[in-house]
Every structure is written in structure tokens, then in C-alpha cells.
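For reference, the chains in residue letters:
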Amino acid sequence: MSDLLGRVNAFRAAFARRQAAETVELPEYPGVFAVRDTEFALSHEHNQLIVTGPGTDPAALPGLAARWLGPRRQYAISALEEEPGELATPVLTEAGYERSTAVVLIRDTAGCELPEPAARPTEFAELRAAVRRQQSEWYAEEELGRQLTDRRAARLRGADQVYFLAARTPDGEVAAWADLYLDPAVGLAQVEDLVTDSRHRGAGHGDTLLAIGLALAAAAGIPQLFLLADAADWPREWYGRRGFTEIGRSHSFHSR
């Protein structure tokens, strides 16, 4: 694993710990901890077992998830490094988990400037209606959509600087949004949940948000910005055409 990928994984682990309502450290199981948040009980991001590296027998993971996450209709386990995830795949598949893979994409921020008109950081209250409407298109369950919308309140704890970005139509309607996490001390930034409203796709709003994130990271003295993309979906190629390169992979597992 490269030093850069190691820094990205450390950033992700630190973000998970900082935003968690409760973190369960498991010193007897090296490289494993759990995060919990009853306020967002339906969010896998906030209620999961996280594997940061090798050292724990993969056979122990299903039991650890059940013990430390409590009764749930579905369990989530994330392996930040590719190799431990690969090693855990046969065991977790046998235990009834399905695997998804994300690619870690990164690019330099040098020379990035704010586009005009600039989609500057905004308060989440200004975005909430648009985000909630999009969630209702994706998920029929009302409470699930609400929690997946409002969990951004917890994300505010995750990094030194957390911003919500919006791109708007000419009449001021929110057309796209994204989270931006900045940590100048470690020299990394992350864009997360970049989404364009289904009614406003194809108008360049995603490019606007990406440009804003890169420019704000550069202005903060952060040389590199990373993001995660589904290894099997089209945004991976979209980011590649915008200068992002793959530096690693991670795996997520969800019980059926």
C-alpha cells in the first residue's frame, strides 16, 4: 500500500470516529472498531464495523458486528484496505453478506480556481428540501429517507472543516449538492455525496461542484483531493475524465 493511500485510509478512519455518536474500540481485535449512532440508526455509515487493516481473523467479523452493533435488520462492515477485504470476502459471503467495491480516486488541486458563477458553501438548511426530495425518489421508506438526509448533521463533526456545496439553476433552485471535508494538517480533502437532482442532469452542475471543491481545497493549502466511486458504476469514468486517478480500492459488506 502506498503512503498516499495509507493517509487517505487514516483520514477515512478518523472521520468515522469523529462523527460517531459512540465509538467502540476493540483492542483485542487489531485493526477493528465499531461506530454507532441511535439518532441515525438506519444509516450504515453511522452504524458499522470498520476494519482498518490486517490482524483480526475474518471469521470473527460477523460475530463482532452482531455483538457491538446490536440487533439490526441489516449489518454493515467496511474494510478500508483492499487486502483485508479480499481475505474477508469468502467468510462474509458464507455468513450471508454481499460485497460492494469502491475505488479511491485522487487528483492534485494545484492551479484550481473558483468557477464563475461560484457555488460557494452554504448552510444545509438551504439544501435539505432538495436532498430530501431526491432521497424520496431512491427510497420508499419515509424514515430511511429522512435519516439519510439529516445525517449530515453528524458529518459536521468529522473533519476540521466541513462544508456543504450547492449548484443552482439561473432562478436560484438547488440543482446539485456535495459535501466537502478539509483537513489542512494532513494535506487531504474529500468530496462526498456529489449528487445532481434528477430533473437537472446534463447541465454541468456536477462539474461546477467539483471545481468548487478543488478550488477551496487549493485555497486551504491542501494539495490533493480524493473521493470514492463505485467500482462498477459510470461515475468512476466521469471522474477519470476530470483528472482523477485510482490509487486503491476498499470493500463494503452488507448482510442480506
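Use the structure listed above.
Now for a quick tour of the structure.

Parameters and conventions
- Residues numbered from 1 in each chain as written.
- Predicted model: local features only at pLDDT ≥ 70, side-chain atom pairs only at ≥ 80, totals over all residues.
- Heavy atoms only, no water.
- Helix = DSSP H or I, 4+ residues; strand = E, 2+ residues; numbered from the N terminus.
- Rg over C-alpha atoms; globule rule 2.2 N^0.38 Å.
- Buried < 20%, exposed > 50% of the residue type's maximum accessible area, 1.4 Å probe, protein only.
- Contact = heavy atoms within 4.5 Å.
- Core = buried A, V, L, I, M, F, W, Y, C linked by side-chain atoms within 4.5 Å.
- Expected span 1.5 Å × (residues − 1).
- Bend = angle between axes of the 7 residues up to and from the residue.
- Pairing = 2+ DSSP bridges.
- Axes fitted to C-alpha atoms, helices over the stretch in contact; angles between N-to-C directions.
- Polar contact = N/O pair within 3.5 Å; in protein donor to acceptor, adjacent residues only side chain to side chain.
- Right-handed = clockwise from strand over helix to strand, strands pointing away.
- Phe/Tyr/Trp six-rings, centres within 6.5 Å; stacked < 30°, edge-to-face > 60°.
- Lys NZ or Arg CZ within 6 Å of the ring centre and 35° of its normal.

**Considerations on the overall build of the chain**
For step 1, the next point in the chain: When its secondary structure is counted, the chain shows eight helices and 11 strands.
For step 2, the next point in the chain: Computed over the C-alpha atoms, the radius of gyration of the chain is 18 Å, within 12% of the 18 Å expected from 2.2 N^0.38 for a compact globule of 256 residues.
For step 3, the next point in the chain: The proportion of buried residues among the 256 residues of the chain is 50%.
For step 4, the next point in the chain: Look at the contacts in the chain between residues 6 or more apart in sequence, and 69% of them connect residues 24 or more apart.

**Thoughts on the nonpolar core**
For step 1, the next point in the chain: Core analysis: the biggest nonpolar cluster contains 25 residues, and Leu105, Leu194, Leu209, Leu210, Leu225, Tyr239 and Phe244 have the highest contact counts within it.
For step 2, the next point in the chain: In terms of residue count, the dominant contributor to this core is helix α7 (residues 205-219) (five residues).
For step 3, the next point in the chain: Residue contacts for Phe244: discarding those within four places in its chain leaves Leu105, Ile106, Arg107, Leu210, Leu225, Leu227 and Tyr239.
For step 4, the next point in the chain: Of all hydrophobic cores here, the second largest spans 17 residues; its members include Leu26, Val32, Ala34 and Leu64.

**A short note on helix α4 (residues 124-138)**
For step 1, the next point in the chain: Here α4 spans 20 Å end to end across 15 residues, near enough to the 21 Å set by a 1.5 Å rise per residue.
For step 2, the next point in the chain: At Ala130, α4 is bent by approximately 25°, the largest bend along its length.
For step 3, the next point in the chain: The inward-facing, buried residues of α4 abut β6 (121-122), α5 (142-150), α6 (152-155), β7 (161-168), β8 (174-183) and β9 (188-196).

**Let's talk about the sheet that holds strand β5 (residues 97-108)**
For step 1, the next point in the chain: Reading across the sheet, the 11 strands line up as β1-β2-β3-β4-β11-β5-β10-β9-β8-β7-β6 and stay open at both edges, with mixed pairing between neighbours. Two strands lie at the open edges of the sheet, namely β1 (22-25) and β6, each paired on one side alone.
For step 2, the next point in the chain: In terms of strand pairing, strand β4 (residues 76-79) meets strand β11 (residues 245-255) through four bridges, oriented antiparallel. Residue pairing in the sheet places Ala79 in a bridge with His251 of β11.
For step 3, the next point in the chain: Packed on one face of the sheet, helix α1 (residues 3-19) meets β1, β2 (32-36), β3 (48-51), β5, β8, β9, β10 (224-230) and β11 and runs near 75° to β10.

**A few points about unusual backbone geometry**
For step 1, the next point in the chain: With phi around 55°, Asp193 is a residue other than glycine that occupies positive phi space.
For step 2, the next point in the chain: Position of Asp193 relative to the elements: it lies in strand β9.

**Overview of the environment of Tyr181**
For step 1, the next point in the chain: Within the secondary structure layout, Tyr181 lies in strand β8.
For step 2, the next point in the chain: Judged by its relative accessible area of 2%, Tyr181 falls in the buried class.
For step 3, the next point in the chain: In the structure, Tyr181 is positioned 10 residues away from Val191 in sequence and 6.5 Å away in space, judged by C-alpha atoms.
For step 4, the next point in the chain: In contact with Tyr181, not counting residues within four places along its chain, are Phe11, Phe15, Arg155, Ala159, Gln161, Val162, Leu188, Ala189, Gln190 and Glu192.
For step 5, the next point in the chain: Within the local environment of Tyr181, its side chain forms a polar contact with the side chain of Asp179, the two groups lying 2.8 Å apart.

**Focus on the side chain of Asp179**
For step 1, the next point in the chain: Along the chain, the position of Asp179 falls in strand β8.
For step 2, the next point in the chain: On the accessibility criterion, Asp179 (2% relative accessible area) is buried.
For step 3, the next point in the chain: In this structure the side chain of Asp179 is engaged in a polar contact, spanning 2.7 Å, whose partner is the side chain of Arg155.
For step 4, the next point in the chain: Filtering out sequence-adjacent residues up to four positions away, Asp179 remains in contact with Arg152, Arg155, Tyr163, Phe164, Gln190, Val191, Glu192 and Asp193.

**What to know about the pairing of β9**
For step 1, the next point in the chain: With seven of its nine residues buried, β9 lies for the most part within the structure.
For step 2, the next point in the chain: Both β8 and β9 contribute to a ladder of seven bridges, which runs antiparallel. Bridge pairing in β9 links Tyr181 to Gln190.
For step 3, the next point in the chain: Pairing analysis gives three bridges linking β9 to β10, with the strands arranged parallel. Its bridge partner lying in β10, Leu188 is registered against Gln224.
For step 4, the next point in the chain: After leaving β9, the chain enters α7 and then returns to the sheet as β10, a path that is right-handed.

**Describing the pairing of β1**
For step 1, the next point in the chain: Note that β1 and β2 share four bridges and pair antiparallel. Bridged to Thr23 within β2 is Val35.
For step 2, the next point in the chain: Linking two consecutive strands that pair antiparallel, namely β1 and β2, is a turn of six residues; a positive phi of about 75° is found at Gly31 within it.

**Quick look at the packing of aromatic side chains**
For step 1, the next point in the chain: By the definition in use, this model includes five aromatic pairs.
For step 2, the next point in the chain: Pairing Trp238 with Tyr239 gives two aromatic rings, centres 5.0 Å apart and planes at 80°, and the pair type is edge-to-face.
For step 3, the next point in the chain: Ring geometry for Tyr239 and Phe244: centres 5.7 Å apart, planes at 70°, overall edge-to-face. Grouping residues by exposure puts Tyr239 and Phe244 together as buried.
For step 4, the next point in the chain: An aromatic cluster is present here, built from Trp238, Tyr239 and Phe244 joined pairwise through their rings.
For step 5, the next point in the chain: Between Arg17 and the ring centre of Phe33, over which it is positioned, the NZ or CZ distance is 3.8 Å.

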